[in-house]
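Geometric and topological summary
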Amino acid sequence: MGDHDEAASQLATSQPAARYQDLAGLRTLVVGASSGIGEAFAIAASARGAAVALAARRIERLKPLADSLNGFAYELDVSRPREIEKIVEDAAAALGGLDAVVFTSTFLPFARIHDTDVTTWVHAFSVNAVGASHVLRAALPHLSSSSVILIASSHDVGRPRAGVAAYNASKAALDEVLRSWRGEHPELALIRAAIGPTTDTEILRGADRHLLAELYSTWKDHGQIPSQMSAVADVANALASLVAAARDNPSVVAESVTLAPRHIN
């Protein structure tokens with residue numbers, strides 16, 4: 001039998017494609033799980049059999065979710081490196097190691113660039129870029145040999161829009177940080193997921209409504225408003241499938257994936 005025939009035979013006798021939906025036993029830390037994509041991912045991963053440890057600032061929201069998923073909840077501000085180190089170690093101990101780390105925490109301040117102060121710039125970078133990198137640094141000693149890392153970025157990187165300069169710049173910095181991680185640790189299955197506009201993410205929580213109205217008008221004039229947004233459950237399930245595929249196909253990784261809204265009639 002030739003190499004081609006042997007490969008075809010192996011594919012024909014392999015388990016069905018549905019196995020790539022399975023996360024049974026995957027020891028997973030989800031950072032940013034108190035709402036939005038992180039919360040939805042935790043629910044999707046648990047439904048597929050993953051054991052989950054959840055971390056976020058709002059422990060009052062996180063604890064009931066973790067309880068419902070038979071998981072663990074940890075209060076964490078990712079702008080504080082010492083907290084990251086302690087919580088990652090505690091989560092790894094609770095789960096018995098880490099097979100997956102998913103980072104969805106984000107800080108999105110809405111402000112015109114001339115109104116964005118130094119404190120806002122620094123906090124955006126400390127959460128969106130440095131925080132993500134430090135979570136990965138803290139997790140590194142606890143990762144299994146087949147571990148998967150998924151970091152949420154933004155599909156707006158390189159597409160500047162008014163009012164979100166600190167967010168976009170910090171996400172661009174995150175992308176460069178992830179390239180360095182990938183270059184120095186090619187053994188890691190490291191996925192950058194650039195996520196487009198998504199429903200039910202609380203991304204507008206606390207924003208000035210008058211400013212948002214102005215920005216929305218500007219975005220509309222520049223064709224930057226999609227006709228509809230992605231459903232948060234669909235985004236979460238797509239991310240879970242990426243993690244499952246990376247685990248089950250150890251010789252390949254989807255290094256950078258964009259999840260954008262698709263118009264449905």
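The structure under discussion appears in the preceding block.
**Some points on the side chain of Ser 126**
Within the secondary structure, Ser 126 is located in helix α5 (residues 118-139). A relative accessible area of 17% means that Ser 126 is categorised as buried. Residues in contact with Ser 126, not counting those within four places in the same chain, are Val 78, Ser 79 and Gly 131.

**Section: helix α4 (residues 81-95)**
Along its 15 residues, α4 runs 21 Å from first to last C-alpha, staying within 8% of the 21 Å computed at 1.5 Å per residue. Those residues of α4 lying buried are Ile 84, Ile 87, Val 88, Ala 91, Ala 92 and Leu 95. Projected down its long axis, α4 shows its buried positions confined to an angular sector of 130°, all on one face. Residues of α4 that are exposed and point over 90 degrees away from its buried face: Arg 82, Lys 86 and Ala 93.

**Description of the nonpolar core**
One recurring pattern in soluble globular proteins: nonpolar side chains tend to sit buried together. The biggest cluster of nonpolar side chains holds 38 residues, and the ones touching the most others in it are Leu 23, Phe 41, Leu 54, Leu 150, Ile 195, Leu 239 and Val 243. Top contributing element to this core by residue count: helix α8 (residues 232-248), with 9 residues. Listed in part, the 31 residues of the second largest apolar core include Ala 55, Tyr 74, Val 88 and Leu 178.

**Points about the pairing of strand β2 (residues 51-56)**
Of all 6 residues that make up β2, 5 are buried, and the element is covered over most of its length. When strand β1 (residues 27-31) meets β2, the two strands line up parallel, connected through 5 bridges. Residue Val 30 lies in a different strand from β2, and its bridge partner there is Leu 54. A crossover links β1 with its parallel partner β2, the connecting element being helix α2 (residues 36-47), and its sense is right-handed.

**Details of the packing of aromatic side chains**
What the rule picks out here adds up to 1 aromatic pair. Ring geometry for Phe 110 versus Trp 219: centroids 6.4 Å apart, planes at 45°, classification tilted. With a gap of 109 residues between them, Phe 110 in the loop between β4 (98-103) and α5 and Trp 219 in helix α7 (residues 209-221) connect regions that are remote in the sequence. Grouping residues by exposure puts Phe 110 and Trp 219 together as buried. The ring of Trp 219 has Arg 161 sitting right over it, with the charged end atom 5.0 Å from the ring centre.

**So, the pairing of strand β7 (residues 256-259)**
Burial of β7 is one-sided: the residues Val 257 and Leu 259 facing one way are buried, the residues Ser 256 and Thr 258 facing the other way are not. In this structure, strand β6 (residues 189-195) lies alongside β7, joined through 4 bridges in parallel fashion. Looking at β7, one finds that Arg 192 is bridged to Ser 256.

**Some words on the packing of α5 against helix α6 (residues 165-184)**
Contact pair α5 / α6: the axes reach a minimum separation of 8 Å and the direction vectors enclose 25°. Classified by the angle their axes make, α5 and α6 are roughly parallel. By crossing handedness, the relation of α5 to α6 is classed as right-handed. Here Trp 121, Ala 124, Phe 125, Asn 128, Ala 129, Ala 132, Ser 133, Leu 136 and Arg 137 of α5 lie close against α6, whose contacting residues are Ala 165, Ala 166, Tyr 167, Ala 169, Ser 170, Lys 171, Ala 173, Leu 174, Val 177 and Trp 181. Broken down by class, the residue content of the contact of α5 with α6 amounts to 14 nonpolar, 3 polar and 2 charged.

About the cut-offs
Positions within a chain are numbered from 1, following the residues in the order the chain's sequence is written. Confidence filtering applies because this is a predicted model: local features only for residues at pLDDT of at least 70, side-chain atom pairs given and counted only at 80 or more, and all residues used for totals across whole chains, interfaces and linings. Heavy atoms throughout the structure, all of them, feed into the side-chain values; hydrogens and water do not. A helix here means a DSSP run of H or I that spans at least four residues, while a strand means a run of E at least two residues long, and both kinds are numbered starting from the N terminus. Working definition: with a 1.4 Å probe on protein chains only, accessible area under 20% of the residue-type maximum means buried, over 50% means exposed, and in between means partly exposed. Any two residues whose heavy atoms approach within 4.5 Å are treated as being in contact. Helix span, expected: 1.5 Å multiplied by one less than the number of residues in the helix. Think of the arc as the fan of directions from the helix axis to the C-beta atoms. Nonpolar cores were defined as sets of buried Ala, Val, Leu, Ile, Met, Phe, Trp, Tyr and Cys residues, with membership established by side-chain atoms within 4.5 Å. Strands qualify as paired when DSSP identifies two bridges or more between them. With the strands pointing away from the viewer, any crossover whose connection runs clockwise from the first strand over the helix to the second is right-handed. Ring geometry is summarised as follows: Phe, Tyr and Trp rings, the Trp one being its six-membered ring, pair when their centres sit within 6.5 Å, and such pairs are stacked at plane angles under 30 degrees, edge-to-face over 60 and tilted between the two. Note on criteria: charge over ring means Lys NZ or Arg CZ within 6 Å of the ring centre, with the direction from the centre no more than 35 degrees off the ring normal. To get an axis, fit a line to the C-alpha atoms, keeping to the stretch in contact for a helix; angles then go from 0 to 180 degrees between the N-to-C directions. Oblique is the label for any angle not under 35 degrees, not over 145, and not in the 65 to 115 range, which are roughly parallel, roughly antiparallel and roughly perpendicular in turn. Take the far helix as the reference: if the near one is turned anticlockwise from it by less than a right angle, the crossing is left-handed, and if turned clockwise, right-handed. Charged residues are taken to be Asp, Glu, Lys and Arg, nonpolar residues to be Ala, Val, Leu, Ile, Met, Phe, Trp, Tyr, Cys and Pro, and polar residues to be all remaining types, Gly included.

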